[in-house]
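Listed below, chain by chain, are the residues.
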Amino acid sequence: MRQDKKLILGMALLFFITFVSLGTIVVTEKLAPYYTDKIKIKMNEYLEQNYQKEINDFKLGKITYKAQTYIAKVTNKNNKNLYFTISYQNKKVKDTYKKDYLKGHTLLTTLEKNLEKEIKNNLNLNTKITFPLTLDKYTEKIRENIINNNIDGLNIYNISFTINSELTQENIYNLVMELTNKIKEINTLNISPNHYTITINSKNDNKSLTIKNLTNKTLEQQNLTQIISYIMIEDENTNENSIIKENNISYEYKRYGDE
C-alpha cells in the first residue's frame, strides 16, 4: 500500500513539474513580443560597442522571436544584400559579422547569382561566377564599388563555362571560333572576368578538356589556337609551350572511363 502511495505521489510530482514547465514556456512565448523593445536596446548597445567605425553604415531590422531566441538582420544602408544577423539568447548577444559582412559572403553570393542569371537570360549560356577574394581582401576603392553595385568593367571575378565540341586537330579552328564568339557575347553584357575556365566536352569520343587561368589576351584567336593545339598534341617530349608557361595556364585532359 505504501508503495502505491509513493508511486502516486511521484506521478503527481512529475505531472506538477511538467505542468509548471510547460506553463512557463507558454507564458514566455506569449510575452516574448513585448520584450522586443528592450532587446532592441541591447542589440544597439552591442553594435555600438563592437563596431564603432561602422555603426553609421548599419541599419538594424525587425526583431523576430523563434525557439527562445531573438534574431534581427543588420543591413548596410547602401546595399541591402550586404548584411549579417544578430541574435540574443540567454542574456548573450552573438552575430555573423565576420563571415557575412566583413568577408561579404551575403553580397558576393548575390552578385555571383545575379551575373549567372544575366548571362543565362541574355545568352542562354550556363556559367559559374566566383569571386576569388573575400570582400575585405579587395582595396578600399574596389570594396566601395562592389557595395555600390558598380562593378561594370572591373576584373574582380572569375567565370567558368562548358561547351560541347569535338576535340580533334581538324576541328581546332571551329572550336576556337566558337569559344571566342562566346567570350565576345559575354563581354557585350559589360561582364569582364579576371580569369576564365573553359571545359570542352567531346561526347563522340568521351573526352573532356578543362583549361584554367585564361584571360582576354590568351583568348584571342591566335593565342587560343596555339594553346589548344599544344595541349592536344599530348607529347611528353614536347617542351612546354611558352604562352602556357608565361600565363600560368593549367589544363586537365581526360578520357571518360580511364582509371
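Residues numbered from 1 in each chain as written. Predicted model: local features only at pLDDT ≥ 70, side-chain atom pairs only at ≥ 80, totals over all residues. Heavy atoms only, no water.

Account for the overall build of the protein, with residues named and values stated.
Counting secondary structure elements, the protein contains eight helices and 10 strands. Across the 259 residues in the protein, those meeting the buried criterion constitute 35%. In the protein, the proportion of contacts linking residues at least 24 apart, taken out of those at least 6 apart, comes to 54%. (Helix = DSSP H or I, 4+ residues; strand = E, 2+ residues; numbered from the N terminus. Buried < 20%, exposed > 50% of the residue type's maximum accessible area, 1.4 Å probe, protein only. Contact = heavy atoms within 4.5 Å.)

Tell me about the environment of Ile147, and name the residues and values.
Residue placement: Ile147 occurs in helix H5 (residues 140–147). For Ile147, a relative accessible area of 17% translates into the label buried. Taking the C-alpha atoms as reference, Ile147 lies 9.4 Å from Lys80; in sequence the two are 67 residues apart. Excluding its chain neighbours within four sequence positions, the residues that come into contact with Ile147 are Asn76, Asn78, Asn79, Leu82, Leu107 and Leu135.

Mind laying out the nonpolar core, listing which residues take part and the relevant values?
Residues Met43, Ile146, Phe161, Leu179 and Ile228 are the most contacted members of the largest nonpolar core, which totals 63 residues. Among all residues touching Ile228, those that are not within four sequence positions of it are Ile172, Leu175, Val176, Leu179 and Ile211. (Core = buried A, V, L, I, M, F, W, Y, C linked by side-chain atoms within 4.5 Å.)

Kindly report on H5, identifying the contributing residues and their values.
Where H5 is concerned, the buried positions are Asn145, Ile146 and Ile147. Tucked inside the fold, the buried residues of H5 contact strand S3 (69–76), strand S4 (79–89) and helix H4 (105–123). Two residues or fewer past H5, Asn149 is found with a positive phi of approximately 55°.

Before we move on, could you go through the environment of Thr215 and cite the residues and values that matter?
By the element assignment, Thr215 lies in the loop between strand S9 (207–214) and helix H7 (221–233). Distance from Thr215 to Thr197, taken between C-alpha atoms, is 9.2 Å for residues 18 residues apart in sequence. In this structure Thr215 touches Asn194, His195 and Tyr196, once residues within four positions along its chain are discounted.

Describe in detail the packing of aromatic side chains, supporting the description with residues and values.
According to the stated counting rule, one finds 12 aromatic pairs in the structure shown. Summarising the aromatic geometry, the rings of Phe84 and Tyr101 are spaced 5.5 Å apart at their centres and angled 80° between planes, so their arrangement reads as edge-to-face. Of this pair, Phe84 sits in strand S4 while Tyr101 sits in helix H3 (residues 97–102), and the two are 17 residues apart along the sequence. An identical accessibility class is assigned to Phe84 and Tyr101; each is buried. Look at Tyr97 and Tyr101: their rings are 5.6 Å apart centre to centre, the planes differ by 20°, and that puts the pair in the stacked class. Linking Tyr97 with Tyr101, this pair stays in helix H3, spanning four residues, or about one helical turn. Judged by relative accessible area, which is 5%, Tyr101 ranks as buried. Connected via pairs of aromatic rings, a cluster forms that spans Tyr46, Tyr51, Phe58, Phe84, Tyr97 and Tyr101. Looking at Lys73, its charged tip hangs above the ring of Tyr83, at a distance of 4.3 Å from the centre. (Phe/Tyr/Trp six-rings, centres within 6.5 Å; stacked < 30°, edge-to-face > 60°. Lys NZ or Arg CZ within 6 Å of the ring centre and 35° of its normal.)

Before we move on, could you go through helix H2 (residues 36–50) and cite the residues and values that matter?
In a regular helix each residue adds 1.5 Å, so 15 residues correspond to 21 Å; H2 covers 21 Å between its end C-alpha atoms and thus fits that length. Residues of H2 that are buried sit in contact with strand S1 (58–60), S3, S4 and strand S5 (92–95). (Expected span 1.5 Å × (residues − 1).)

Describe the environment of Leu224, and please don't skip the residues or the numbers.
Relative to the helices and strands, Leu224 resides in helix H7. Looking at Leu224, the relative accessible area reads 0%, which means it is buried. Residues Leu224 and Ile243, 19 residues apart in the sequence, show an inter-C-alpha distance of 9.5 Å. Excluding its chain neighbours within four sequence positions, the residues that come into contact with Leu224 are Val176, Leu179, Thr180, Thr218 and Leu219.

Quick rundown of the sheet that holds strand S8 (residues 195–202)? Include the residues and the values.
Strands sit in the order S6-S7-S8-S9-S10 across an open sheet of five strands; the sheet is mixed. Among the strands making up the open sheet, the edge pair consists of strand S6 (127–130) and strand S10 (250–255). On average, each strand axis in the sheet is inclined to that of its neighbour by 10°, with strand direction left out of account. Strand direction decides the pairing type here: S6 and strand S7 (residues 158–164), joined by four bridges, are antiparallel. Of the residues in S7, the one forming a bridge with Thr127 is Phe161. Packed onto the sheet, H4 meets S6 and S7 and runs at close to 150° relative to S6. Sitting on the sheet, H7 is in contact with S9 and S10, with an inclination near 135° to S9. (Pairing = 2+ DSSP bridges. Axes fitted to C-alpha atoms, helices over the stretch in contact; angles between N-to-C directions.)

Describe the confidence of the model for the protein, naming the residues involved and giving the relevant values.
In this model, the protein carries a mean pLDDT of 85, and residues with pLDDT of at least 70 account for 82%. Mean pLDDT across the elements of the protein bottoms out in helix H1 (residues 2–31) (48) and peaks in H3 (97). Confidence over residues 18–31 falls short of pLDDT 50; this stretch has three contacts with residues more than four positions distant or in other chains. (pLDDT = per-residue confidence, 0-100.)

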